[in-house]
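Chain by chain, the residues:
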Amino acid sequence: MNLLASVSLALSLAALPGVLAQNLPDPLIRNTTSGTVLGYLDTTTTSVDLYKWYGINFAATTAGANRWRPPQPYYSETTINATAMGAACMQGIYNAGNGTQNQSEDCLFVNVVAPVGASNLPVYVYSFGGGFDSNAASDPKIDGSWLAARDIVFVSYNYRLALWAFPASPEIAAAGETQNLAVLDTRAAVEWTVANIATFGGDPTKITFGGESVGAEMTLYYLGAYWENPLIRGAVMQSSDTSQPMWPLGQQLDIIAQNQSCPLGVGQLDCLRTKDAFALQAILIDSGAQFQPVIDNITVFSDPVRLQIIEQTARVPLLIGNNKNEGQTIVNGEPTSYTNETAYIHSNNLNFPMANIDVVLGLYPSPSEKYPSIINATSAMWRDAHMICLSSNLALWRTQLLKLPVWRYEFALVADNLNAEGASIGTFHGEDIQFVMGTLYTIADQAPYIPATPFEWNVSDYMVTAWTNFIKDPELGPRIPGWNQYDPSDPTTLALLGISETGALPGNATARDWTCQYWNQILPLFPMTYPDCGTWTCDTSS
């Protein structure tokens, strides 16, 4: 707890007494703990006029001496020009996507969007997805304008990624500190929001935190790490994955250090802190070194479902769900997912080496009516083991043990016009983002994409309504036709979204969750640490 508390202490030092209380004549200028910020008025994006403040530092640069350290306080003596998105954090892959062209270690920015005249509105703090190695809050797909236009204040933020976020360093482990700097960045962003959102028209007591993919995974980490003082009153988890397997401590960092002539023991981090970020990035990408969240039982815990059972989780309402065909695009890059079901079960893509092959083959037989081809079976394995069972288990324990409201959904619209592969990939991982955000307009109006249909816009409209209703009052939930509070004893309370253009339909949680009877036997053992050789099937005897 001392290390987590240090983030709060460090950032609180940036606040100047009385600075937020000053009245300013220009509504585009607001006082914050980061300094005075100048935003702009947007009268064209939505039918509601919006004030926007982009690229506000919520913490100092993470370069140099601050690299691999908790976020440090920031304050500007001069007015911050908050009219453009700040740099993305250093990416772990090439071509990381829209909004990541400008990268820097000075990247811990928040963006605030509020309707003109906002006062004491509910707040949504959004965490982007991207595999913990890519993306940024500047991604156009997650523009929060359409959510803010429904009478909320929208906040997005950057967090460190890949090598810069999860070093898996023996030196950090020996000090008893967390390896998960991105989680500390997230807490700092939430704390900044609590301290400052009133000046933008938000209510600091009415904050909901959530995200999609690893943004949802970050939400899960947050609920477990800061359960005693969460500072939020609701949580949203769209398509959360379980944690990824880890590499042996120091193994991947040594790859970077050796290339930069840095020691492999004591002094490694100090040496690497002197190196250029883009030089480190080139080594990272060329070598294929991997850096993912590290289970340290400080900010990331080995069995997040168990945290619900031992009541070490924030007691807030939860909106949680999945896309029908989550696994299809995930398994596409693994050759065995098309050709050899048995080999796929032991692949680094599924990452469940403890799985019983005969049992899994029995659960996902291919060819069969349900799984006509091998990839149908392997993608369903990944979906269930990584995502569906997590949602099912969290919803079960939070409702039955903790007596908390949960709203659970499955998004099942096959939008074959909104992707390059058409209907073959079903309702793919990430398809829901633009429906929830109201950003279907970002689909390219050129081949192979076809603009969103009226049906799709109607679906997006009620999903925007559902999400913003939840943010406005998490206890009351989405409040759209057909979406009822989740009850594990009533399988129809799994809301089916995207099939009707007017609201939710009754789903079937029993049919969706049935394979979890098996996966739940081994999920408490997941994730494991890769052997030194890096695959589950390599020979480690030599």
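Residues numbered from 1 in each chain as written. Predicted model: local features only at pLDDT ≥ 70, side-chain atom pairs only at ≥ 80, totals over all residues. Heavy atoms only, no water.

For the protein, the name recorded in an unreviewed UniProt entry is Alpha/Beta hydrolase protein, with Hygrophoropsis aurantiaca as its organism.

Here we take up the overall build of the protein. Looking only at helices and strands, one finds 19 helices and 16 strands in the protein. The C-alpha extent of the protein, read off along each of the three principal axes, is 70 × 60 × 50 Å. Sorting the 542 residues of the protein into buried and exposed places 59% on the buried side. At a minimum sequence separation of 6, the contacts of the protein that also span at least 24 residues come to 74%. Per element, the accessible surface of the protein, about 20,000 Å² overall, is 53% carbon and sulfur. (Helix = DSSP H or I, 4+ residues; strand = E, 2+ residues; numbered from the N terminus. Buried < 20%, exposed > 50% of the residue type's maximum accessible area, 1.4 Å probe, protein only. Contact = heavy atoms within 4.5 Å. Areas by Shrake-Rupley, 256 points an atom, 1.4 Å probe, with all protein chains shown as cover.)

Here we take up unusual backbone geometry. In this structure, Pro-367 follows Ser-366 across a cis peptide bond, with omega equal to 0°. By the secondary structure assignment, Pro-367 is in the loop between α14 (357-363) and α15 (374-400). Phi angles above zero are rare outside glycine, and Phe-132 is one such case at about 65°. In this model, Ser-213 sits at a positive phi of 60°, which is unusual for a non-glycine residue.

Here we come to the pairing of strand β2 (residues 35-38). Examined bridge by bridge, strand β1 (residues 29-32) and β2 share four bridges and lie antiparallel to one another. Looking at the pairing, Thr-32 lines up with Gly-35 of β2. Here β1 hands over to β2 after two residues, the two strands then running antiparallel side by side. Note: β2 against strand β5 (residues 80-81), two bridges, orientation parallel. By the bridge assignment for β5, Leu-38 is matched with Asn-81. (Pairing = 2+ DSSP bridges.)

Turning next to the sheet that holds β2. If you walk across this open sheet you meet the three strands as β1-β2-β5, and the pairing is mixed. In this open sheet, the two edge strands, each paired with only one partner strand, are β1 and β5.

On to the packing of aromatic side chains, then. As enumerated under the stated definition, the model contains 27 aromatic pairs in all. Here the aromatic rings of Phe-132 and Tyr-221 are separated by 6.1 Å at their centres, their planes lie at 15°, and the arrangement is stacked. Of this pair, Phe-132 sits in the loop between β9 (121-127) and α2 (145-148) while Tyr-221 sits in helix α6 (residues 214-225); the two residues are 89 residues apart in sequence, bridging distant segments of the chain. By relative accessible area, which is 1% here, Phe-132 ends up buried. Where Trp-407 meets Phe-470, the ring centres are 6.2 Å apart and the plane angle is 70°; that geometry is what we call edge-to-face. Of this pair, Trp-407 sits in strand β14 (residues 406-411) while Phe-470 sits in helix α17 (residues 454-472); the two residues are 63 residues apart in sequence, bridging distant segments of the chain. By relative accessible area, which is 3% here, Trp-407 ends up buried. With a relative accessible area of 0%, Phe-470 lands in the buried category. Taken together, the ring pairs connect Phe-128, Phe-132, Tyr-157, Tyr-159, Phe-166, Phe-209, Tyr-221, Tyr-222 and Tyr-226 into an aromatic cluster. (Phe/Tyr/Trp six-rings, centres within 6.5 Å; stacked < 30°, edge-to-face > 60°.)

Sheet architecture is open: eleven strands sit in the order β3-β4-β8-β10-β9-β11-β12-β13-β14-β15-β16, paired in mixed fashion. In this open sheet, the two strands that pair with only one neighbour each are β3 (40-42) and β16 (505-506).

Space inside the second largest pocket adds up to approximately 300 Å³. Lys-324, Asn-325, Tyr-371, Ala-380 and Arg-383 are, among the 18 residues lining the second largest pocket, the residues nearest its centre. Secondary-structure elements contributing two or more residues to the lining of the second largest pocket are α15 and α18 (509-513). No other element matches the five residues that α15 contributes to the lining of the second largest pocket. The residue makeup of the lining of the second largest pocket, split by class, is five nonpolar, eight polar and five charged. (1 Å grid on protein atoms, 1.4 Å probe; cavity = no way out; pocket = protein on both sides within 12 Å on 5 of 7 lines; lining within 4 Å. Points joined across faces, edges and corners; volume = space filled by probe spheres on them. Nonpolar A, V, L, I, M, F, W, Y, C, P; charged D, E, K, R; others polar.)

Inspection of the secondary structure assignment puts Thr-193 in helix α5 (residues 181-196). Overall, the relative accessible area of 0% leaves Thr-193 in the buried class. For Thr-193, the side chain forms a polar contact with the main-chain oxygen of Ala-189, separated by 2.9 Å. (Polar contact = N/O pair within 3.5 Å; in protein donor to acceptor, adjacent residues only side chain to side chain.)

Packing of helix α7 (residues 251-259) against helix α9 (residues 277-287) leaves a shortest axis separation of 10 Å and a crossing angle of 125°. With respect to α9, the element α7 is oriented oblique. Here α7 and α9 pass one another in a crossing that is right-handed. Residue-level contacts link Ile-255, Ile-256 and Asn-259 of α7 to Leu-280, Ile-283, Leu-284 and Ser-287 of α9. Within the contact of α7 with α9, the residues separate by chemical class into five nonpolar, two polar and no charged. (Axes fitted to C-alpha atoms, helices over the stretch in contact; angles between N-to-C directions. Parallel < 35°, antiparallel > 145°, perpendicular 65-115°, else oblique. Left-handed = near helix turned anticlockwise from the far one by under 90°.)

Core analysis: the biggest nonpolar cluster contains 126 residues, and Trp-467, Trp-483 and Leu-497 have the highest contact counts within it. In contact with Trp-467, not counting residues within four places along its chain, are Val-236, Gln-238, Leu-319, Tyr-409, Val-436, Trp-483 and Leu-497. Counting 25 residues, the second-largest nonpolar core is a separate cluster that includes Val-360, Ile-375, Ile-388 and Cys-389. (Core = buried A, V, L, I, M, F, W, Y, C linked by side-chain atoms within 4.5 Å.)

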